[in-house]
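Architecture and fold: a report
Chain residues, written in single-letter form:
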Amino acid sequence: MSPLVPLLPLIAGVVALVAGVLVLRTYGPNYRIGRLLASTPEVSVAEARDLAAGPPRYVRVSGRIDAEDEFEDDAHRPLVFRRTRLQLRSEDGWATFEDGRERVRFEVRDGLDGIVVDDAALDTGLVVVPRESVGTAADVGDRVPAGTPIETPVRLRVEQVSSVEHAIVLGVPTLDETGEPRLSAGLGRPLVLTTLQPDEAMRLLTDGGARRPLVAAGLLAGGLVLLVVGGLLAVIGAVA
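How each quantity is defined
Residue numbering note: each chain is counted from 1, following its sequence as written. Thresholds applied to this predicted model are a pLDDT of at least 70 for local features of residues and 80 or more for the giving and counting of side-chain atom pairs; totals over whole chains, interfaces and linings are not thresholded and use all residues. Side-chain metrics in this entry use all non-hydrogen atoms of the structure; hydrogen atoms and water are not considered. Following DSSP output, two strands are said to pair if at least two bridges run between them. Per the convention used, a helix needs a DSSP run of H or I reaching at least four residues, while a strand needs a run of E reaching at least two, with both numbered from the N terminus. Here's how the labels work: a residue is buried when its accessible area is under 20% of the maximum for its type, exposed when over 50%, partly exposed in between, all with a 1.4 Å probe on protein chains only. In this analysis, two residues are considered to be in contact whenever any of their non-hydrogen atoms come within 4.5 Å of each other.

A few points about the pairing of strand β11 (residues 181-184)
Regular strands place their side chains on alternate faces of the sheet. Where strand β6 (residues 113-117) and β11 come together, two bridges link them in parallel fashion. Bridged to Val116 within β11 is Arg182. Count of turn residues in the strand β10 (residues 166-175)/β11 antiparallel hairpin: five residues, of which Gly179 carries a positive phi of about 90 degrees.

Thoughts on unusual backbone geometry
The phi dihedral of His76 falls on the positive side, at around 65 degrees, and the residue is not glycine. Secondary-structure assignment places His76 in the loop between β2 (71-72) and β3 (78-90). Take His76: its relative accessible area is 59%, and that puts it in the exposed class. Non-glycine residue Leu187 carries a positive phi angle of around 55 degrees.

Focus on the pairing of strand β5 (residues 106-110)
Counting buried residues in β5 gives four out of five residues, a clear majority hidden from the surface. By the bridge criterion, four bridges tie strand β1 (residues 59-67) to β5 in an arrangement that is antiparallel. Across the sheet, Arg64 pairs through a bridge with Arg109, a residue of β5. Sheet topology places β5 next to β6; four bridges connect them, and they run antiparallel. Bridging across to β6, Asp110 finds its partner in Asp113. In this antiparallel pair of consecutive strands, β5 and β6, the connection spans two residues, and Gly111 shows a positive phi of 70 degrees.

Some words on the environment of Val169
The topology assignment puts Val169 in strand β10. Separated by 26 residues in the primary sequence, Val169 and Thr195 have C-alpha atoms spaced 8.8 Å apart. With sequence-adjacent residues up to four places away left out, Val169 is seen in contact with Val59, Arg60, Val61, Val108, Val117, Leu183, Leu191, Val192 and Leu193.

In structure tokens form, the structure reads like this:
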């Protein structure tokens, strides 16, 4: 058997795997958030509290959101967190020029057990259905950066968390300065919070499109198959 016979599927397999990873990375930070949601081990809130005093571990908990001092949105829903961003349309997408946050101390509870969520660490890991409206720079006056053409598209994006919702939270249990357990970012991974079911969160992270994830999955699966075939051919050639 020619040495090139097993080499060809091996090369094709590596190319397919690289292409699959590149397709997934077109989602930017969402790719990593989705991967963490799918792979992080789940523990109970009580277990997360116990872990806060030990070696750091990145875990997933779920429960209802609870707070003592909520604030209301325009529909009188009790909120614990709201992020409001104004963004300009650019060649690379939407660029934020104003980022406002309102938040109160809140926790995730499971029965009698609760653990505080480090709301100050919430950023790209917040996965909720956003409210959006689009206009132009002329609609927001002098709030846009100086020199922005008035016809430039501007988007208002609002993401909020209500105390009447259940949440899935991913983070590292730690002790704060008072010795209270809390979930925060750590081990090089972000704090993630979603009020959606995992499959709904995945659809939101992929912008509701199924084509790219399917293409990526096909490339990754095909790449693995080609590597196995190439390896088997190499073994057969060596034996022969």
